[in-house]
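Now for the letters of each chain:
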Amino acid sequence: ESPTNYIVLVDDIRDIVTALWASGAEAITISGGAAEGGPPAERLVSTTSIYGAGSAILVNDVPLSPPYRIEAIGPDGLRDRFLAHPSYVARVARRIDAYGLQFASEARDELTLPAFIGNTRLRWGTPMPELD
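Quick caveat, the model's predicted, so the values are computed rather than measured.

Conventions we followed
Residues numbered from 1 in each chain as written. Predicted model: local features only at pLDDT ≥ 70, side-chain atom pairs only at ≥ 80, totals over all residues. Heavy atoms only, no water. Helix = DSSP H or I, 4+ residues; strand = E, 2+ residues; numbered from the N terminus. Buried < 20%, exposed > 50% of the residue type's maximum accessible area, 1.4 Å probe, protein only. Phe/Tyr/Trp six-rings, centres within 6.5 Å; stacked < 30°, edge-to-face > 60°. Core = buried A, V, L, I, M, F, W, Y, C linked by side-chain atoms within 4.5 Å. Contact = heavy atoms within 4.5 Å. Expected span 1.5 Å × (residues − 1). Axes fitted to C-alpha atoms, helices over the stretch in contact; angles between N-to-C directions. Parallel < 35°, antiparallel > 145°, perpendicular 65-115°, else oblique. Left-handed = near helix turned anticlockwise from the far one by under 90°. Pairing = 2+ DSSP bridges.

Can you tell me about unusual backbone geometry, naming the residues and giving the values?
Only a minority of non-glycine residues have a phi that is not negative, and only a minority of peptide bonds are not trans. Cis rather than trans, the peptide bond between Pro-66 and Pro-67 has omega equal to -5 degrees. Relative to the elements of secondary structure, Pro-67 occurs in the loop between β5 (62–64) and β6 (69–73). With phi around 55 degrees, Asn-60 is a residue other than glycine that occupies positive phi space. By the secondary structure assignment, Asn-60 is in the loop between β4 (56–59) and β5. A relative accessible area of 17% means that Asn-60 is categorised as buried.

Here it is, written out as structure tokens:
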């Protein structure tokens, strides 16, 4: 077995985030490292990038290392819709079952997520020239 089967990959994180948005999540954060002392949670917005960089995952250009914690706020039934979503079932759930990756979810009545700290302006966009 490949050692990459036993670690959380950037594609796993992307699949989880995709399934959460598609399941009705209204706000999502990702944090990494130890619960205390690690970088703060990164709030996801429409311009958020999630990339792999060696053993770390970059979220909003902030390097996060395992273990990863993803939190989401959404309507009633979000957890059930997420766990049944094809993006989750097709890849993430299979890897959890096959390789024993740790995964847990917990419903809460209240959850406060941090605000997005960053810039949502596109840095490389330019206006189109006017057509004659």
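Go over the packing of aromatic side chains, please, and point to the residues and values.
The final tally for this structure, using the stated rule, is 3 aromatic pairs. Arranged with centres 4.8 Å apart and planes meeting at 45 degrees, the rings of Phe-82 and Tyr-88 form a pair that is tilted. Neither residue differs from the other here; Phe-82 and Tyr-88 are each classed as buried.

Could you give me a rundown of the nonpolar core, with the residues and numbers involved?
Burial of nonpolar side chains together is a common tendency in soluble globular proteins. In terms of nonpolar packing, the biggest core is built from 22 residues, with Ile-30 and Ile-50 touching the most fellow members. Among the elements that take part in this core, helix α1 (residues 10–22) stands out by supplying 6 residues, more than any other. Among all residues touching Ile-30, those that are not within four sequence positions of it are Ile-13, Val-17, Ala-41, Glu-42, Leu-44, Ile-50, Val-59, Leu-64, Arg-69 and Ile-70.

Requested: an account of the environment of Val-17, with residues and values cited.
Structurally, Val-17 is set in helix α1. Residue classification places Val-17 among the buried positions, given a relative accessible area of 7%.

Can you break down α1 residue by residue, with the values?
Between the first and last C-alpha of α1 there are 18 Å, a value that for 13 residues agrees with the 18 Å anticipated at 1.5 Å per step. At its buried positions, α1 is contacted by β1 (27–31), β3 (50–53), β4, β6, α2 (78–84) and α3 (86–99).

Explain the packing of α1 against α3 to me, and be specific about the residues and the numbers.
At a minimum axis distance of 9 Å, the contact between α1 and α3 shows a crossing angle of 140 degrees. Of the possible angle classes, the one that applies to α1 and α3 is oblique. Like other packed secondary-structure pairs, α1 and α3 cross with a definite hand, here left-handed. On α3, the residues that touch Asp-11, Asp-12, Asp-15, Ile-16, Thr-18 and Ala-19 of α1 are Ser-87, Tyr-88, Arg-91, Val-92 and Arg-95.

Summarise the pairing of β1; cite the residues concerned and give the values.
β1 sits mainly inside the fold: 5 of its 5 residues count as buried. The alternating pattern of β1 places Ala-27, Thr-29 and Ser-31 on one face and Ile-28 and Ile-30 on the opposite face, and all of these are buried. Pairing of β1 with β6 involves 5 bridges; the strand directions are antiparallel. Paired with Ala-27 across the strands is Ile-73, a residue of β6. Of the strand pairs in this sheet, β1 and strand β2 (residues 42–43) are connected by 2 bridges, and their pairing is antiparallel. If you follow Ile-30 over to β2, its bridge partner there is Glu-42.

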